[in-house]
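Tertiary structure, described
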Amino acid sequence: MQPVAHPAFWWLWAVCLVVALIRFDSLHISALATLLIVAIARWLRLPDHRWRIFRFSLVIAGLAVAIRILTAILIGVPMPGRAVFTLPEVQLPELFVGIRIGGPVTVDRLGGASSEALLFAALILAFGLANAASTSTRLLRVIPSRLYGIGIAATLAATITPQLAQSVRRTRNAQLLRGQADGLRSWRRSGTPILEDSLARSIDLAAALEARGYGRSNQISRYRTEKWRSVDSVGLLAISYLALIAPSLTIPLALTRLVFGVAVCAPTVIKFLASEMSLWS
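This write-up is about the structure you can find in this document. All figures in this text were calculated on a predicted structure; none of them were measured in a lab. Each residue is numbered by its place in its chain's sequence as written, counting from 1. Residues qualify for local features only when their pLDDT is at least 70, as the model is predicted, and side-chain atom pairs are given and counted only at 80 or more; totals for whole chains, interfaces and linings, by contrast, use all residues. Each side-chain value is worked out from all heavy atoms of the structure, with water and hydrogens disregarded.

Further remarks concern the overall build of the protein chain. Only runs of H or I of at least four residues qualify as helices and only runs of E of at least two qualify as strands under DSSP, and these elements are numbered from the N terminus. Within the protein chain, the regular secondary structure consists of 9 helices and 3 strands. From first element to last, N terminus to C terminus, the protein chain shows the α and β order α-α-α-β-β-β-α-α-α-α-α-α. We call two residues in contact whenever any of their non-hydrogen atoms come within 4.5 Å of each other. Sequence-distant contacts in the protein chain: of pairs separated by 6 or more residues, those separated by 24 or more amount to 77%. Only the protein chains shown count as cover for residues, with accessible areas throughout obtained via the Shrake-Rupley method and a probe of 1.4 Å. With an accessible surface of roughly 16,400 Å², the protein chain has 65% of that area assigned to carbon and sulfur atoms.

Aromatic ring pairs are described here by two measures, namely the spacing of the ring centres and the angle between the planes. Note on ring pairs: Phe, Tyr and Trp rings are taken, using the six-membered ring of Trp, and paired if centres are within 6.5 Å. Classes follow the plane angle, with under 30 degrees stacked, over 60 edge-to-face and the rest tilted. For the structure on display, the rule yields 5 aromatic pairs. Ring geometry for phenylalanine 24 against phenylalanine 260: centres 5.9 Å apart, planes inclined by 85°, an arrangement best described as edge-to-face. One end of the pair, phenylalanine 24, is in helix α1 (residues 9-24); the other, phenylalanine 260, is in helix α9 (residues 253-280), with 236 residues separating them in the sequence. You'll find phenylalanine 24 and phenylalanine 260 in the same group, each marked buried. Ring geometry for tryptophan 51 against phenylalanine 54: centres 5.5 Å apart, planes inclined by 40°, an arrangement best described as tilted. Here phenylalanine 54 and tryptophan 51 lie together in helix α3 (residues 48-74), a separation of 3 residues that amounts to about one turn. Classification of phenylalanine 54 by relative accessible area gives buried; the value is 0%. Ring pairs connect the aromatic residues Phe9, Trp10 and Trp13, which therefore count as one cluster. Lysine and arginine charges are scored as sitting over a ring when NZ or CZ, respectively, is within 6 Å of the ring centre and within 35 degrees of the ring normal. It is arginine 42 that lies over the ring of tryptophan 51; its NZ or CZ is 4.9 Å from the centre. Burial classification: accessible surface area is computed with a 1.4 Å probe over protein chains only, and a residue below 20% of its type maximum counts as buried, one above 50% as exposed, and the rest as partly exposed.

To continue, consider a nonpolar patch on the surface. The patches reported here contain residues having more than 30% relative accessible area and no salt bridge. Joining distances are 9 Å for like charges and 5 Å for nonpolar side chains (Val, Leu, Ile, Met, Phe, Trp, Tyr). Salt bridges are defined as contacts in which a side-chain nitrogen from Lys or Arg sits within 4 Å of a carboxyl oxygen from Asp or Glu. A cluster of nonpolar side chains, contributed by Leu70, Leu74, Ile75, Val77, Met79, Val90, Leu92 and Ile99, occupies part of the molecular surface with about 630 Å² of accessible area. By secondary structure assignment, the location of valine 90 is in strand β2 (residues 83-90). Judged by its relative accessible area of 43%, valine 90 is partly exposed.

Locating threonine 256 in the fold gives a position in helix α9. When near neighbours in sequence (up to four residues on either side) are disregarded, threonine 256 contacts Phe24, Ile29 and Ile251.

The next subject is the nonpolar core. What we call a nonpolar core is a set of buried Ala, Val, Leu, Ile, Met, Phe, Trp, Tyr and Cys residues that are connected through their side-chain atoms within 4.5 Å. Within the largest apolar cluster, 43 residues are counted, with the highest numbers of intra-cluster contacts made by Trp13, Leu17, Leu21, Leu242, Phe260 and Val264. Of all the elements in the fold, those that place two or more residues in this core are α1, α2 (27-43), α3, α4 (107-133), α8 (230-244) and α9. Contacts of leucine 242, omitting those with residues within four sequence positions, involve Ala20, Phe24, Pro247, Val259, Phe260, Ala263 and Val264.

The criterion for strand pairing is that DSSP finds at least two bridges linking the strands in question. Across the sheet, which stays open at both edges, the 3 strands sit in the order β1-β3-β2 with antiparallel pairing between neighbours. Single-partner strands in this sheet number two, and they are β1 (75-76) and β2. Note: β2 against strand β3 (residues 100-106), 5 bridges, orientation antiparallel. Bridged to valine 90 within β3 is isoleucine 101. The strands that α4 touches are β1, β2 and β3; relative to β3, the one it contacts most, it runs at about 100°. Between N-to-C directions, angles cover 0 to 180 degrees, with each direction set by a line fitted to C-alpha atoms, over the stretch in contact for helices.

Let us now look at the packing of α1 against α4. Remark: α1 packs on α4, axes separated minimally by 8 Å, with the N-to-C direction vectors making an angle of 170°. Viewed along their axes, α1 and α4 adopt a mutual orientation that is roughly antiparallel. Taken together, the residues of α4 that come into contact with α1 (itself represented by Trp10, Trp11, Trp13, Ala14, Val15, Leu17, Val18, Leu21 and Ile22) are Leu119, Ala122, Leu123, Ala126, Phe127, Leu129, Ala130, Asn131 and Ala133. Its residues placed into classes, the contact of α1 with α4 shows 17 nonpolar, 1 polar and no charged. When an angle is under 35 degrees it counts as roughly parallel; over 145 it counts as roughly antiparallel; between 65 and 115 it counts as roughly perpendicular; any other value is oblique. Residues are grouped as follows: Ala, Val, Leu, Ile, Met, Phe, Trp, Tyr, Cys and Pro are nonpolar; Asp, Glu, Lys and Arg are charged; every other residue, Gly included, is polar.

Attention now goes to the environment of leucine 244. As for its position among the elements, leucine 244 is in helix α8. Taking relative accessible area as the criterion, leucine 244 reaches 61% and is therefore assigned exposed. For the pair leucine 244 and alanine 20, spaced 224 residues apart in sequence, the C-alpha to C-alpha distance is 7.3 Å.

Further remarks concern the environment of leucine 32. When you line up the elements, leucine 32 lands in helix α2. C-alpha of leucine 32 to C-alpha of leucine 118: the two residues are 86 residues apart in sequence and 9.6 Å apart in space. The contacts of leucine 32, once residues within four sequence positions are left out, are Arg257, Phe260 and Gly261.

So, in structure tokens, the structure goes:
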């Protein structure tokens with residue numbers, strides 16, 4: 001069962017996790033965070049349409065890692081260290097001094113590229129999980145009315161990726177029903193309708209908000225008001241400690257991994273236990 005949370009809980013969790021990853025700046029921590037985010041997404045048992053949103057972020061993260069590693073192998077600056085393999089080098093004009101195409105690919109060069117790629121992938125997956133576990137319409141209800149313009153812009157930004165994933169699925173199904181090939185040519189042909197459909201649905205949402213007078217009154221009537229509960233605060237304590245205090249401590253790497261794993265998973269476990277206790281009470 002998916003634990004019920006405040007609409008802003010998973011977004012705050014993702015922000016704290018991103019701050020912690022940037023402050024740690026470690027290849028091992030980024031790899032561990034990527035695995036933990038995927039494990040949490042599976043453990044939450046997201047609905048099918050929500051899981052497709054997170055799976056789309058997995059695809060984007062995988063492409064980002066592949067592009068960064070490939071770029072580091074083909075194009076880069078000379079770095080010392082043991083060469084893993086050597087590619088044919090292309091001579092560039094003097095204007096591009098310090099940059100070369102090909103040449104020896106060292107361990108330090110691959111290590112730095114892998115660290116940056118995994119960090120970027122973890123950032124994508126963190127916000128992908130927040131987008132899949134929380135609903136942008138629920139998040140919009142708790143935004144103050146004076147910030148309605150920012151709320152509309154944030155809702156549009158948050159819904160473009162899910163709508164894009166759904167548009168890809170609808171467009172591919174329509175192409176298969178028409179007997180069109182499902183290959184590279186189909187992706188080139190479906191790019192325009194996918195973007196138009198996802199943007200149109202997001203703009204329709206903004207128009208619906210404006211038509212209902214969102215942000216026009218300082219006193220908004222709410223049905224089932226979203227409340228920030230004590231369990232939400234307790235759930236964020238561990239990840240807040242991880243973002244603010246843990247990176248400044250000097251502890252062994254093994255203990256750092258253990259603390260990081262516990263702090264990342266603790267909010268989910270706490271909220272799940274709270275949901276189970278509320279059912280049995």
